[in-house]
Amino acid sequence: MLVLLISSQGVHADDTLISGTVRAAEGGSLNGLVMIEKGRLYGKKFRYGGLIRNGIFSVKVDGGGSYGLHLFATGYVYFPLGLQVEGGKDNRGQYKLPPNPARAMAPVIKEVGFSSDSKATRITLSVSDPNHDLSHQVLALNVSTGEGFRMSPPGFVLPFTKIYPEGIYTLYSSQSEEFDPLNWYFVAADNKCYNSPVLGSPFSPDGVVLAKTVRSGSDGSPSGPDSEVNTEGLTVSGLTVFTNNCSMCHLAESKKTKVGPGLKGLYNLGKTPARGKPVTDEVIRKQILEGGIDMPPYSHLTEKEVSAVVEYLKTL
Amino acid sequence: MQPCSPGRSLSEDWCTPWWINLLNFGKALIGCEKPGAIYRHTFSGLLTIAALCLLVLITFPGLVGAQGKRRGLETLNPSFQKSVLRGWRYFQTSFADDGVACVHCHRDHSDIVPWAGSYPKVQIFDGTPYRVKTLGMVIIETLDTHTDLEPSQRGEMAEDLLAYIAWWGDGQPSAPGISVNGMTPEEDLAELREAVSRGRSLFNRREPTSCINCHTAGDQHDNYRKSLKDVFLGFPRSDGTGERTVSLDAYLLNHYRSQGVVMSGGSITDIAAYLADLSRGKLQRPGTRQTGGNLTP
């Protein structure tokens, strides 16, 4: 797949590439956008970009040196990283994006507009941010050229400003060939690493765009915590409690040890895997609330949360 | 070379330098000496090899799997344990209106393991300065961005979060400046080298309150000065109250203050970078030492 992707972009063996795989923290490959700064991370010099398709990206850059890599996928927290790139090589990495835990707080690109005259096409984005913490990263990608751009903010902004204004962001594209909006993608990020949906642009003839979100999952389906479970009641709540408190140490789908023992089939085991105590609600509740054998006490969980997670454990 | 005669005792063999024992054993094994010599050299030779193996294992415990062996929570000293557990809870608790806690974006603890050993390093977030930072500074910056807490509420919380992260790095080699994917930008490494150099200068400057007056940076302690070569690996350490831990940053700040010297945050970071560089590659063991009442390392 990677070879096909590279060859389709006319890449030669001695080109310098930044490439890699992008997976969701909970597993599965992602679709999205990669934007690359020339020079140090957050130097605000976006020059290159490309699409992440089925979890794979490859972007050609101009020689070795320092670059800032930014990965965006709809519904996930964006990932920034400074890279030292070797010239004439394919510089590969593996990256993992966590799902955005506060999607309602992510920036929003409300509208995309294109207007052309004889010299240039003016691209505008209407950007807002629910937590009013927008960063300088209101970005545009032209996939036909592999160029990335940072869009100009509304009004005057001081060079070291951290919080950027909401409003209309602008970019002038003066490319000589025919302008094709279908080649353009957009994303905006705030200072908390929340990003807007990655937008492609099917648009109406009058130039006003109701942008289409590039979905995250490789199968085109939306992925992330919102779509994980469709059941209701205690199990849903228990899953949430488990995900937020237990899943970093315990696997739910296996008996293998992650940090602590896997909990699949816990209630069928008869004895708890670490301490060998009988598996009863009382014992499990005590283990959660008091901890023990390298497990910290989770006494801050409410009675309802403990009950919910105990019920959830019974379903594994 | 001292020959090994049939009449010599084991104790004489034992007194022979180890490298001669090993050489003789090797010669006997490959038949360079007359038949029977191997029996004379076997005991001392094997003993030497065993001693050398033991030395290697003690010096490089990572070779036998000590690397990555984090000490269990229940084996930690009480104040470090308390701090780790508080940090653990903070890691999983939101202190912001949006309900987001650290754990929501850092779900996999395997990602946390290399953090503590990779600082000080250049760590930049959007809108933060481009410079070498300690892990403590980065935690404070993160709390600033991702919580609604007042600055006065963040200090002790940051120390506990630091203890928690340091515990996950327990048993891992110190690798200051190295980013997770290994492709660390050269500019960042250059910035760290400059910080280490500044730290070395501060450590060695000739002033009445300089580090060099009471400490060495080498392997040996001397009659008057204590080596700080591996002191970095033991931080954060217990503050002596049995309740809390203290990071290297806070420790250095207080230590200088007790000497009547006010150090800037930048200088503290430089000295921390120098101390971290001295222990590069060695295994971290946070919380293993306790700060004395006089704040002497």
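Going by the structure above, here's the rest.
Residues numbered from 1 in each chain as written. Chains lettered and ligands numbered in written order. Predicted model: local features only at pLDDT ≥ 70, side-chain atom pairs only at ≥ 80, totals over all residues. Heavy atoms only, no water.

We now examine the overall build of chain A. In terms of helices and strands, chain A carries five helices and 16 strands. Relative to its full complement of 316 residues, chain A shows a buried share of 50%. Long-range pairs, those at least 24 residues apart, make up 59% of the contacts in chain A with a sequence separation of at least 6. When the accessible surface of chain A is summed, it comes to about 14800 Å², and 53% of that surface belongs to carbon and sulfur atoms. (Helix = DSSP H or I, 4+ residues; strand = E, 2+ residues; numbered from the N terminus. Buried < 20%, exposed > 50% of the residue type's maximum accessible area, 1.4 Å probe, protein only. Contact = heavy atoms within 4.5 Å. Areas by Shrake-Rupley, 256 points an atom, 1.4 Å probe, with all protein chains shown as cover.)

Our focus in this paragraph is the side chain of A:H136. Position of A:H136 among the secondary structure elements: in strand β10 (residues 134-142). On the basis of relative accessibility, which here comes to 2%, the residue A:H136 falls in the buried class. A polar contact of 3.1 Å, which involves the side chain of A:H136, links it to the side chain of B:D126. Discounting residues that sit within four places of it in the chain, A:H136 has contacts with A:Y42, A:K44, A:F46, A:R150, A:Y164 and B:D126. (Polar contact = N/O pair within 3.5 Å; in protein donor to acceptor, adjacent residues only side chain to side chain.)

A few words on the nonpolar core. The nonpolar side chains of a soluble globular protein tend to be buried with one another. Of all hydrophobic cores here, the largest spans 47 residues; its most connected members are A:F242, A:I288, B:V84, B:W88, B:I139, B:I165 and B:W167. Counting residues per element, this core draws most heavily on helix α8 (residues 151-168) of chain B, which supplies nine residues. Beyond its immediate chain neighbours, meaning those up to four positions away, B:W167 contacts B:R70, B:R71, B:G72, B:L73, B:L76, B:F80, B:V84, B:W88 and B:P286. Of all hydrophobic cores here, the second largest spans 29 residues; its members include B:I212, B:V231, B:Y251 and B:A276. (Core = buried A, V, L, I, M, F, W, Y, C linked by side-chain atoms within 4.5 Å.)

A word on the sheet that holds strand β7 (residues 90-97) of chain A. Residues and elements named next belong to chain A. Across the sheet, three strands lie side by side as β4-β1-β7; this open sheet has mixed pairing. Of all the strands in the sheet, the pair left with one neighbour each is β4 (56-61) and β7. Pairs of neighbouring strands in the sheet enclose a mean axial angle of 20 degrees, with direction left out of account. Across eight bridges, the pairing between strand β1 (residues 16-24) and β7 is parallel. Bridge pairing links V22 to Y95 in β7. (Pairing = 2+ DSSP bridges. Axes fitted to C-alpha atoms, helices over the stretch in contact; angles between N-to-C directions.)

With that settled, the discussion passes to the pairing of strand β6 (residues 79-85) of chain A. Residue and element names in this part refer to chain A. Inspection of the sheet shows strand β5 (residues 65-72) paired to β6 by seven bridges, in the antiparallel sense. Paired with S66 across the two strands is Q84, which belongs to β6. Taking the residues between adjacent antiparallel strands as the criterion, β5 and β6 are bridged by six residues, where G75 takes a positive phi near 85 degrees.

On to the interface of chain A and chain B. Counting residues at the interface gives 42 residues for chain A, matched by 30 residues for chain B. Between chain A and chain B, a total of about 3300 Å² is buried, with carbon and sulfur atoms accounting for 57% of that surface. Summed over the shared surface of chain A and chain B, the result is three salt bridges. Salt-bridge contacts for A:K96 lead to B:D111; the nearest nitrogen and oxygen are separated by 3.5 Å. Linking chain A with chain B are ten residue pairs in polar contact (both at pLDDT 80 or more), by the criterion used here. For the side of chain A that touches chain B, the secondary structure elements donating two or more residues are β6, β7, β10 and α2 (234-245) of chain A. Classifying every residue of the side of chain A that touches chain B by side-chain character gives 20 nonpolar, 14 polar and eight charged. (Buried area = accessible area lost by both parts, 1.4 Å probe. Salt bridge = Lys/Arg side-chain N within 4 Å of Asp/Glu carboxyl O. Nonpolar A, V, L, I, M, F, W, Y, C, P; charged D, E, K, R; others polar.)

Moving on: unusual backbone geometry. Along the chain, B:Y119 connects to B:P120 via a cis peptide bond; the corresponding omega equals -5 degrees. As for its placement among the helices and strands, B:P120 is situated in the loop between α6 (109-112) and β1 (121-122). A cis amide bond, omega -5 degrees, links B:F235 with the succeeding residue B:P236. Phi at A:K44 takes a positive value of approximately 65 degrees, unusual for a residue other than glycine.

Once that is clear, we can look at the pattern of salt bridges. Scanning the entire structure with this criterion turns up 22 salt bridges over all chains. Linking B:D98 and A:K192 is a salt bridge whose minimum nitrogen-to-oxygen distance equals 3.8 Å. Taken together, the residues B:D98 in the loop between α4 (78-91) and α5 (102-105) and A:K192 in the loop between β13 (184-190) and β14 (199-200) connect one chain to another. B:D98 sits in the buried class, given a relative accessible area of 16%. Notably, a salt bridge pairs A:E311 with A:K314, separated by 3.1 Å at the nearest N-O pair. With a gap of three residues between them, A:E311 and A:K314 both fall in helix α5 (residues 303-314), about one helical turn apart. Classification of A:E311 by relative accessible area gives partly exposed; the value is 30%. Residues joined by salt bridges that share partners form a network here, namely B:R86, B:E156, B:D160 and B:R244.

Time to look at helix α7 (residues 135-146) of chain B. Helix length check: α7(B) (twelve residues) gives 16 Å between terminal C-alpha atoms against 16 Å at 1.5 Å per residue, within 8%. Those residues of α7(B) lying buried are B:L135, B:G136, B:M137, B:V138, B:I139, B:E141, B:L143 and B:T145. (Expected span 1.5 Å × (residues − 1).)

Quick look at the packing of α4(B) against α8(B) now. Residues and elements named next belong to chain B. Following both chains from N to C, one finds α4 and α8 inclined at 100 degrees, their axes separated by 7 Å at the closest point. For the element pair α4 / α8, the angle class is roughly perpendicular. Residues F80, S83, V84, R86, G87, W88, Y90 and F91 of α4 form the contact with α8, whose participating residues are M157, E159, D160, L161, A163, Y164, W167 and W168. Across the contact of α4 with α8, the residue classes break down as eleven nonpolar, two polar and three charged. (Parallel < 35°, antiparallel > 145°, perpendicular 65-115°, else oblique.)

For the rest of this paragraph, the subject is the side chain of A:S254. Residues and elements named next belong to chain A. Its place among the elements puts S254 in the loop between α2 and α3 (266-269). Classification of S254 by relative accessible area gives buried; the value is 17%. Each residue touching S254, except ones within four places of it in the same chain, is listed here: G262, L263 and K264.

The next thing to look at is the packing of helix α4 (residues 281-290) of chain A against α5(A). Residue and element names in this part refer to chain A. Put simply, α4 and α5 touch, their axes get as near as 10 Å, and they point 125 degrees apart. Looking at the two axes, α4 sits oblique to α5. Every pair of crossing elements has a handedness; the one defined by α4 and α5 is right-handed. Contacts from D281, I284, R285, I288 and L289 in α4 reach E303, V306, S307, V309, V310, L313 and K314 in α5. When grouped by side-chain class, the residues that make up the contact of α4 with α5 number seven nonpolar, one polar and four charged. (Left-handed = near helix turned anticlockwise from the far one by under 90°.)

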